[in-house]
Amino acid sequence: MYAQMVKSTGERPKTLDEMTPEERAFQTRIDADIKIEPKEWMPEGYRKTLIRQISQHAHSEVVGQLPEGNWINRAPTLDRKAILIAKVQDEAGHGLYLYCAAETLGVSRDELIQQLLTGKAKYSSIFNYPSLTWADIGAIGWLVDGAAIMNQVQLQRCSYGPYSRAMIRICKEESFHQRQGYDIMMALMRGSPEQQEMAQDALNRWWWPSLMMFGPSDADSVHSAQSMAWKIKPVGNDELRQRFVDQTVPQAEFIGLKVPDPEVKWNEERGHYDFGEIDWEEFYRVLKGEGPCNRERMAARQKAWDDGEWFREGLMAHSKKRAAKKLAAE
Ligand code: FAQ
C-alpha cells in the first residue's frame, strides 16, 4: 500500500505516416506551438500522460509540505516562522491549481487522491527524506525548490493550456521559495562553526536526492520521447539536471559550501560542470516505497484524508441544501 509502484509502459512516438488523420492534425498543431485546450480532441495517450504527470506533480506539492511543516514550530525566529508558514501554504495552493488543471482532463479529484493513497500514483522521491535540522529547511528551499523551478520554467511552455498557465504563477512563487532557502544557508554560513557544519551536513544529505528529482537518465526514461514529441515536456531529464548542477555548484562555492561529489569539476570544453554517477538503485528503492520516510508520508496523508471526512460531508450537505432551495424557488 505504501509503495510508489514502478510500473511504466513507454512506447516510441508514432511517425507522421503511422498516425490517423486526427492524430496528424493534432501533432501539426503541437508542432506549430498552438496550445491544446480542455474541450478539444486529443489522443487518449496524451490525455493519460497529462493526468499522470499533473496529478503526480500535485501530489508532490501536497506531500512536499510535510518535511518543512515539521519545522514550523521550531523555526529559530518569528520572521523565519512567518516566512516558512507562507511558503508551506504556497505549496498547498500549488497542489490546488494542479488538481484543477488535472480535473479539466475528465478525472475527479477524489479519484486522484485515491490513486495517491493506494500507492498507484507516485509523488516526487525527494519528499521521502527526513528534515533533521533547521539547515534542512534552507537546503530544501535552495535545492528542492531550485530543482523544481528548473523543471517548471520550461513546463510553462507545455502544450496543454491549463498546465502551462498554472506553471506561470507557480514559478513566481517557487522563485521566492528558492531565495528564502538560500538566505537561510547564507545566514548559517555567516554563523558559528557549528552552524556552518550543520549547513554542510544538510547539503551532503540533500544534494544527491535533489539530482534524482529530474527522473531517470534519458536512456532509461520511459515517457520522455513521447512526452517531448507532444511538448508535454519541452526539455529532457538529463539536460535539466545538467542545468541545475551548472547553476547550483557556483552558488554553493560562493557561500563556502562544498558539493559532496569529488567528480564535480568545470569542463571548459563542454562548457558545463562534470559530475558523478547517481545511485539509481537508491532512486528505484525510494520509488518502490523503501525510502526513509515513505510510510510516514503516506500515513500522514491518509490521516489528513480520514480527519477531513466530516468536513467533506458537511460541504456536500450544504451544497445539496442550497441546490434544493434554489430548485424550490424556481
Ligand atoms: N520521483 O519516464 P520518466 C516540488 C517516475 S514539485 C518519483 O522520466 P516522466 C515543489 C515517473 O513518474 C516536484 N517518481 O517520467 C516543492 C515514471 O513513473 P510512472 C515534482 C519519478 O514523467 C518544493 C518513471 O519514474 N515536480 O518539488 C521521479 O516523463 C518544495 C519513469 O520516469 C514535478 O512533478 C521522481 N523524482 O518524467 C513542493 C514536475 N522521476 O509515472 C514542496 C512535473 C521519475 O510511469 C516543497 N513532472 N519518476 O509510474 C515532470 O516533469 C516529470 O513527471 C518528471 C519525470 C521529470 C518528474
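Remember, it's a predicted structure, so these values are computed and weren't measured experimentally.

What counts and how
Residues numbered from 1 in each chain as written. Predicted model: local features only at pLDDT ≥ 70, side-chain atom pairs only at ≥ 80, totals over all residues. Heavy atoms only, no water. Axes fitted to C-alpha atoms, helices over the stretch in contact; angles between N-to-C directions. Helix = DSSP H or I, 4+ residues; strand = E, 2+ residues; numbered from the N terminus. Parallel < 35°, antiparallel > 145°, perpendicular 65-115°, else oblique. Left-handed = near helix turned anticlockwise from the far one by under 90°. Nonpolar A, V, L, I, M, F, W, Y, C, P; charged D, E, K, R; others polar. Buried < 20%, exposed > 50% of the residue type's maximum accessible area, 1.4 Å probe, protein only. Contact = heavy atoms within 4.5 Å. Salt bridge = Lys/Arg side-chain N within 4 Å of Asp/Glu carboxyl O. Core = buried A, V, L, I, M, F, W, Y, C linked by side-chain atoms within 4.5 Å.

**Q** What's the story with the packing of helix α6 (residues 134-155) against helix α7 (residues 161-189) in this structure? I'm lost.
**A** The axes of two packed helices give the description: the angle between them and the distance between them. At their nearest, the axes of α6 and α7 sit 7 Å apart, and the two run at 150° to each other. What the angle tells us is that α6 and α7 run roughly antiparallel. Where α6 crosses over α7, the handedness of that crossing is left-handed. Grouping the constituent residues of the contact of α6 with α7 by class yields 17 nonpolar, 10 polar and two charged.

**Q** For this particular structure, what's the right way to read the environment of G95?
**A** Here G95 shows up in helix α4 (residues 78-103). On the accessibility criterion, G95 (0% relative accessible area) is buried. As a C-alpha pair, G95 and Q200 span 105 residues in sequence and 31 Å in three-dimensional space. In this view, G95 contacts A58, E61 and V62; residues no more than four positions away in its chain are not counted.

**Q** Explanation requested: unusual backbone geometry in the structure shown.
**A** For D33, which is not glycine, the phi torsion reads 60° and is therefore positive. On the secondary structure map, D33 appears in the loop between α1 (21-31) and α2 (44-63). With phi around 55°, K231 is a residue other than glycine that occupies positive phi space. In this fold, K231 is placed in the loop between α9 (224-229) and α10 (237-254).

**Q** Explanation requested: the pattern of salt bridges in the structure shown.
**A** A side chain of one charge can pair with a side chain of the opposite charge if their charged atoms are brought near each other. Overall, the coordinates contain 19 salt bridges when judged by the stated rule. Residue R47 is joined to E44 by a salt bridge in which the shortest nitrogen-to-oxygen separation is 2.8 Å. With R47 and E44 both in helix α2 and three residues apart, the pair spans about one turn of that helix.

**Q** In this structure, what is going on with the nonpolar core? I would like to understand it.
**A** What tends to happen in soluble globular proteins is that the nonpolar side chains get buried as a cluster. Core analysis: the biggest nonpolar cluster contains 81 residues, and Y46 and Y160 have the highest contact counts within it. Per element, the largest residue contribution to this core is 12 residues, and it comes from α6. Apart from the residues within four sequence positions on either side, Y160 is in contact with I36, E37, P38, M42, Y46, L50, I54, A101, T104 and L105.

**Q** Sorry, what's going on with the packing of helix α5 (residues 109-117) against helix α12 (residues 294-307) here?
**A** Interaxial distance between α5 and α12 falls to 10 Å at its minimum, and their mutual angle equals 145°. Here the hand of the crossing between α5 and α12 comes out left-handed. Every residue of α12 that contacts α5 at D110, I113, Q114, L116 and L117 is listed here: M298, R301, Q302 and W305.

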